[in-house]
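Chain residues, written in single-letter form:
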Amino acid sequence: MPHSPVLASGRAAPPSRPRIDRREDPTLFGRRTECARLDALLKAMRDGRSDVLVVLGEAGVGKTALLDHALRTGADARILRVAGVESEVDLPYAALHQLCLPLLDGVDRLPTPQAEALATVFGLRNGDAPSPFLVGLGVLNLLAEAGRGQPLLCVVDDAHWLDDASAQVVAFVARRLRAEAVLMLIATREPVASMRGLGELTVQGLDPDAAQQLLDSVVRWPLDGGVRSAILAEARGNPLALRELSLASPDRLAGGFGLLEAAALSARIEESFRRRTAELPADSRELLLLAAADSAGDPVLIWRAAAALGLSPRAGSAAEAAELITIGVRVAFRHPLVRSAVYRAATADARRRVHRALAGAMSQEADQDRRAWHLAHATEHHDEAVAAELEASADRAQSRGGLAAAAAFLERAAELTADPALRAERELAAARDKYHAGAPEGARALLDRVESGPHDELRSAHVGQLRGYLAFAAGDTAQAPGLLLDTAQRLERLDPVLSRETYLDSITYALLAGRYADSATVSRVAVAAATAPPPGRPPRPQDLLLDAYAVLFTEGHAKGTPLVRRALDAFRHDGLSLEEGTRWLVVATHGAYEVWDDEAWEALTELNVRSTRANGALTMLPVVLTQRIAAHLHAGQFRAAADLLEESEVVAEATGIARPAYDAAAVAAWRGQARARDLIRAAESTAVERGEGLGVTLINYTNAVLHNGLGRFAEARDAAASAAANPAETAFASWALSELVEAAVRCGDRALAERAVERLVRTTTPSATEWSLGTEARSRALISEGSAADGLYREAIDRLGRSRGAVALARAHLLHGEWLRRQGRQPDARGQLSAAHDMFVEIGAEAFAERTRRELAECGVSVSPPAAQRAVELTEQESRIARRARDGRSNAEIGAELFLSARTVEWHLRKVFTKLGIGSRRELRTVLP
């Protein structure tokens, strides 16, 4: 059957017009290259592979036509289709719900956390707002299972009008598709921020020859050369523009198009639609406006609202005859620009009239949020009843994780609120939601409006608190602690509980800012926090931590350490809620650093990783994993650290959240790998740029570990001295002192080493853990002589052997062996050095192992480097999956950790088994290191 070439515009042409015979040209007119690319993707989908393509181009250029081509060519696949609609951009997960609607019967077969997340956001059950990434993983597996028996083609049109929540999930799923036999095609006029980096096909205008042929096929009268040239120049190869210009009268064309010369191309096309709409009867225009005001496309709803406006079915006939709309099982505009042209051309009164009719036609129970939104658009003046409905809609949006939508509901509710104080409260609530939704500029604008309203001390303090968080989010780490400190002090008599939490936030941000903090240094904030209101009874773990930090950072470790320990015990044993764990466990883990408590460090990071994963809080997970990676490195569990590093990188890729490469640098440095230097430089540069003084100290400490391992002691000394020079950055500065002692002694600077020991014992002695006292004994031994040194080395080995510090223990054996060799006690030296070498090899600390081999060679012992293991040609992703399968994780569990579908995990494991020549997961334990 022949089709019109103006399908390149994405919409069908009327039967009476000339057509290009598709039998002569089997591709879309002028789109052979684009269609060939789509056909190749469809073939890959049929072969079991997955892919994604973003089709990018201006309005009318033919994006929807290409999607229609894919739908026809891929008709043998199962098809899901959705289009973003401008009026739904503030309704969370609206587009995603429509996309997944045919698959909802499969939700219950998903892993429980994913099933609960989808059921919550789709309104199938009540529950706490789930992480958008847990929703994304659920959708990924839902699509993967849908494609198991038949390839799945997902088509998303007008993605620039998707609600934010849906856009984020679509982008997440698109990035994680691998081997599910799913093809996702996304059309958009402009780049969508969350989808940057996905494969793109930019659709340009038709070439001159194709444009002339298309014009010839649709113009119904002879054109002179000048008019033809003008049309082609105006349209710039845009098929829809050519189509619309061809519908103008000969007089208008000959006259130079009038209004069509003035604005941008899409505006000129829209103007063409407005003119055609204006020629319709009044009732048809009102029906078009009614359809334009609601995106659902439900003809039952539209006709119910039309009846309330006194419109008859005849009103639809003229609109359909004008080829502006089709009314069938769905109400659909010929092109999105028709909808926007109709809506923008209407008067404000006319818009309010149709919104009021739509709200009246909707169910108060089934369509609460859309009804409230239409009522809001129908209301010109203050209306508390409508504002209250919008506020209720905001609550529901929050429960589904739609923070951007909640903010929009609250902002409109505030506009309709007459009471100035209540309006300010709603604006403040909207600002909070905008901040949490990642819209800081909108949040600041709302805070400005709050501050212009009636004064209220508590509300003003809440504004100050939010401004502190916004400052930190904007990278102003220097200002954030001071803003929060000021807020905490103002809250003391207004809200003591919130005051205490804000003091702890201020200390946390001051710690992170470190050397870059302005006047609100850790010590200054701690002094102020000492006067905070007393906690409730019984005190919460975070209350105990605040009081402990107030003492630790003002009066020192001797008085502060017992209080910190009490707080750490409370965090370990008091049973935190998921929300409390996500907010406070990272801060508590820093307390374990401060008092050298590696048992608490281990317990808190293990708890935090488990609860953060369970909570789906992926934005926090990289920070949590950094602390856990450090715990593994300290314990000599380098393989576990590397596995978590891979997970952290996967999270960063999935979420698009970039962080300094602290953990990548640490893993490489502790292993002694050559690439560590580049990673350290990159991480330090990023930390400086972000104003994270604590990060700069951490990376300098890491650099000192690297160079002590390599035996490049002058560089280790300089890095350690830089880290230790900033006691405001506390724990990491203390750790760096032990590196400084070793490097300074090897450089012959005994005085520097002695000063470093003097500072070190101020934290290690009061902490009194096996780790701290073992580190202290090792450092004292380096500046001691004779039997005193020998005894201190033995004490260090004994104490560190009872700690979790496997690397520290091996280093104590190394230092003792080096000292014994210099004392001429070769047999004793060989014993210590051999023990150190075996530990370093087992751990994977390559640089320290090589340093130890050199020392053994001086003792006359020849040790060969460990034999290289047989290379197994697994890709990085295959290795990640194989190691997790080796450790007993199921496909679903592996997928949840690596943000893959269970089907993709299954596919990778089949390839792993083939490459390794094995037939079961059990055999992985014998072939993988």
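Residues numbered from 1 in each chain as written. Predicted model: local features only at pLDDT ≥ 70, side-chain atom pairs only at ≥ 80, totals over all residues. Heavy atoms only, no water.

Trainee: So, the pattern of salt bridges: which residues are in play, and what are the values?
Mentor: One side chain can pair with another of opposite charge once the charged atoms of both are near each other. As enumerated under the stated definition, the model contains 66 salt bridges in all. Between R583 and D505 there is a salt bridge; the shortest N-O distance is 2.6 Å. Here R583 is found in helix 28 (residues 578–594), whereas its partner D505 is found in helix 24 (residues 496–513), with 78 residues between them in sequence. Owing to a relative accessible area of 34%, R583 belongs among the partly exposed residues under this scheme. In this structure, R811 and E739 form a salt bridge, with 2.8 Å as the shortest nitrogen-oxygen distance. In this pair, R811 sits in helix 40 (residues 806–822) while E739 sits in helix 36 (residues 730–746), placing the two residues 72 residues apart along the sequence. Considered together, R811 and E739 belong to a single accessibility category, that of buried residues. Counted as one network, the salt bridges with shared partners bring together R500, E501, D505, R540, D543, D547 and R583. (Salt bridge = Lys/Arg side-chain N within 4 Å of Asp/Glu carboxyl O. Helix = DSSP H or I, 4+ residues; strand = E, 2+ residues; numbered from the N terminus. Buried < 20%, exposed > 50% of the residue type's maximum accessible area, 1.4 Å probe, protein only.)

Trainee: Let's hear about the side chain of T477: which residues, and what values?
Mentor: Take T477: it is sitting in the loop between helix 22 (457–473) and helix 23 (480–491). Assessed through its relative accessible area of 5%, T477 is described here as buried. Engagement of the side chain of T477 in a polar contact is seen with the backbone oxygen of G691, the distance being 2.8 Å. (Polar contact = N/O pair within 3.5 Å; in protein donor to acceptor, adjacent residues only side chain to side chain.)

Trainee: Residue-level account of the nonpolar core, with values.
Mentor: Core analysis: the biggest nonpolar cluster contains 183 residues, and M184 and M195 have the highest contact counts within it. M195 has contacts with A159, L162, A167, V170, A171, R175 and I186, leaving out every residue within four places of it along the chain. Counting 46 residues, the second largest nonpolar core, distinct from the first, contains L206, A210, A241 and A361. (Core = buried A, V, L, I, M, F, W, Y, C linked by side-chain atoms within 4.5 Å. Contact = heavy atoms within 4.5 Å.)

Trainee: Now, about the pairing of strand 3 (residues 152–157): what can you tell me, with residues and values included?
Mentor: For strand 3, a buried count of six out of six residues is recorded, marking the element as mostly surrounded by other parts of the structure. Burial along strand 3 is two-sided: the face carrying L152, C154 and V156 and the face carrying L153, V155 and D157 are both buried. As paired strands, strand 2 (residues 78–83) and strand 3 are joined by six bridges and run parallel to one another. If you follow V82 over to strand 3, its bridge partner there is V156. Note that strand 3 and strand 4 (residues 182–188) share five bridges and pair parallel. When the sheet's bridge partners are listed, V156 is paired in strand 4 with I186. Of the crossover connections in this fold, the one passing from strand 3 over helix 6 (residues 164–176) to the parallel strand 4 is right-handed. (Pairing = 2+ DSSP bridges. Right-handed = clockwise from strand over helix to strand, strands pointing away.)

Trainee: For the pairing of strand 1 (residues 51–56), give the residues involved together with the corresponding values.
Mentor: Among the six residues of strand 1, five are classified as buried, and the element is accordingly described as predominantly covered. With six bridges connecting them, strand 1 and strand 4 associate as parallel partners. Within strand 4, the position partnered with V55 by the bridge is A187.

Trainee: Before we move on, can you summarise the side chain of N703 with the specific residues and values?
Mentor: Counting through the fold element by element, N703 comes out in helix 34 (residues 693–710). Contacts of N703, omitting those with residues within four sequence positions, involve I680 and A719.

Trainee: Outline the packing of helix 27 (residues 557–573) against helix 37 (residues 750–767), supporting the account with residue identities and numerical values.
Mentor: Axis separation between helix 27 and helix 37 bottoms out at 9 Å; the angle between their running directions is 45°. By the criterion of interaxial angle, the relationship of helix 27 to helix 37 is oblique. With respect to the hand of their crossing, helix 27 and helix 37 are arranged in right-handed fashion. Along its contact with helix 27, which presents H557, A558, T561 and R565, the element helix 37 presents R762, T763, P766 and S767. (Axes fitted to C-alpha atoms, helices over the stretch in contact; angles between N-to-C directions. Parallel < 35°, antiparallel > 145°, perpendicular 65-115°, else oblique. Left-handed = near helix turned anticlockwise from the far one by under 90°.)

Trainee: So, the packing of aromatic side chains: which residues are in play, and what are the values?
Mentor: Counted according to the given criterion, the structure contains 17 aromatic pairs. Arranged with centres 6.4 Å apart and planes meeting at 85°, the rings of Y469 and Y509 form a pair that is edge-to-face. On the criterion of sequence distance, the pair formed by Y469 in helix 22 and Y509 in helix 24 is long-range, its members being 40 residues apart. Residue class for Y469 comes out buried when judged on its relative accessible area of 12%. Using a relative accessible area of 14% as the deciding quantity, one classes Y509 as buried. (Phe/Tyr/Trp six-rings, centres within 6.5 Å; stacked < 30°, edge-to-face > 60°.)

Trainee: Report on the sheet that holds strand 3, specifying residues and quantitative values.
Mentor: The strand order across the open sheet built from five strands is 2-3-4-1-5, with neighbouring strands paired in parallel fashion. Pairing within the sheet leaves two strands with one partner each, and these edge strands are strand 2 and strand 5 (200–202). Each adjacent strand pair in this sheet contributes to an overall mean axis angle of 15°, direction not counted.

Trainee: Tell me about unusual backbone geometry, and name the residues and values.
Mentor: That bond from R537 to P538 is cis: its omega, -5°, falls within 30 degrees of zero. Relative to the helices and strands, P538 resides in the loop between helix 25 (522–529) and helix 26 (541–555). At A768, a position not held by glycine, the phi torsion is positive, near 55°. The topology assignment puts A768 in the loop between helix 37 and helix 38 (770–782). Given the relative accessible area of 48%, A768 is considered partly exposed. Positive phi values are uncommon outside glycine, yet F899 reaches one of about 60°.

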